[in-house]
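Listed here are the chains, written in short residue letters.
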Amino acid sequence: MAKYRFHCTNGLECVFDARGTEVRAAARLVDRARKVASDVRQSLANRTDWAEWRVSVHDLSGRRVLVQPFEGASGRPRAA
């Protein structure tokens, strides 16, 4: 199991994941990124435009391993 940090940003504002989350398989990173995006949307419910928001997934060394657009912003995740 590896630990990853799931940071969210629209390029101007950021929601940082200081603790990180353990993920059993790298194939589950997209699912976890989608859950994080959903949680951020709920916590910042006063916003209406999520088009530029992304979840940037990093391993503990700081290397970006995935960029996942918030749902509805784009269809597919991108490798980092």
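Up top is the structure these notes are about.
Residues numbered from 1 in each chain as written. Predicted model: local features only at pLDDT ≥ 70, side-chain atom pairs only at ≥ 80, totals over all residues. Heavy atoms only, no water.

(A) A look at the pattern of salt bridges. Across all of its chains, the model carries 2 salt bridges by this definition. Residue Lys35 pairs with Asp39 through a salt bridge whose shortest N-O separation is 2.8 Å. Linking Lys35 with Asp39, this pair stays in helix 1 (residues 29-43), spanning 4 residues, or about one helical turn. (Salt bridge = Lys/Arg side-chain N within 4 Å of Asp/Glu carboxyl O. Helix = DSSP H or I, 4+ residues; strand = E, 2+ residues; numbered from the N terminus.)

(B) Focus on the packing of aromatic side chains. In the structure shown here, the tally under the stated rule is 3 aromatic pairs. For the pair Trp53 and Phe70, a centre-to-centre distance of 5.8 Å together with 40° between the ring planes defines the contact as tilted. A residue pair is termed long-range when its members are at least 10 positions apart, and Trp53 in the loop between helix 1 and strand 4 (54-59) and Phe70 in the loop between strand 5 (64-69) and strand 6 (78-79) qualify at 17 residues. Owing to a relative accessible area of 2%, Trp53 belongs among the buried residues under this scheme. Ring-pair connections join several aromatic residues into one group, and the members of that group are Trp50, Trp53 and Phe70. Positioned above the aromatic ring of Phe6, the side-chain terminus of Arg32 is 5.9 Å from the ring centre. (Phe/Tyr/Trp six-rings, centres within 6.5 Å; stacked < 30°, edge-to-face > 60°. Buried < 20%, exposed > 50% of the residue type's maximum accessible area, 1.4 Å probe, protein only. Lys NZ or Arg CZ within 6 Å of the ring centre and 35° of its normal.)

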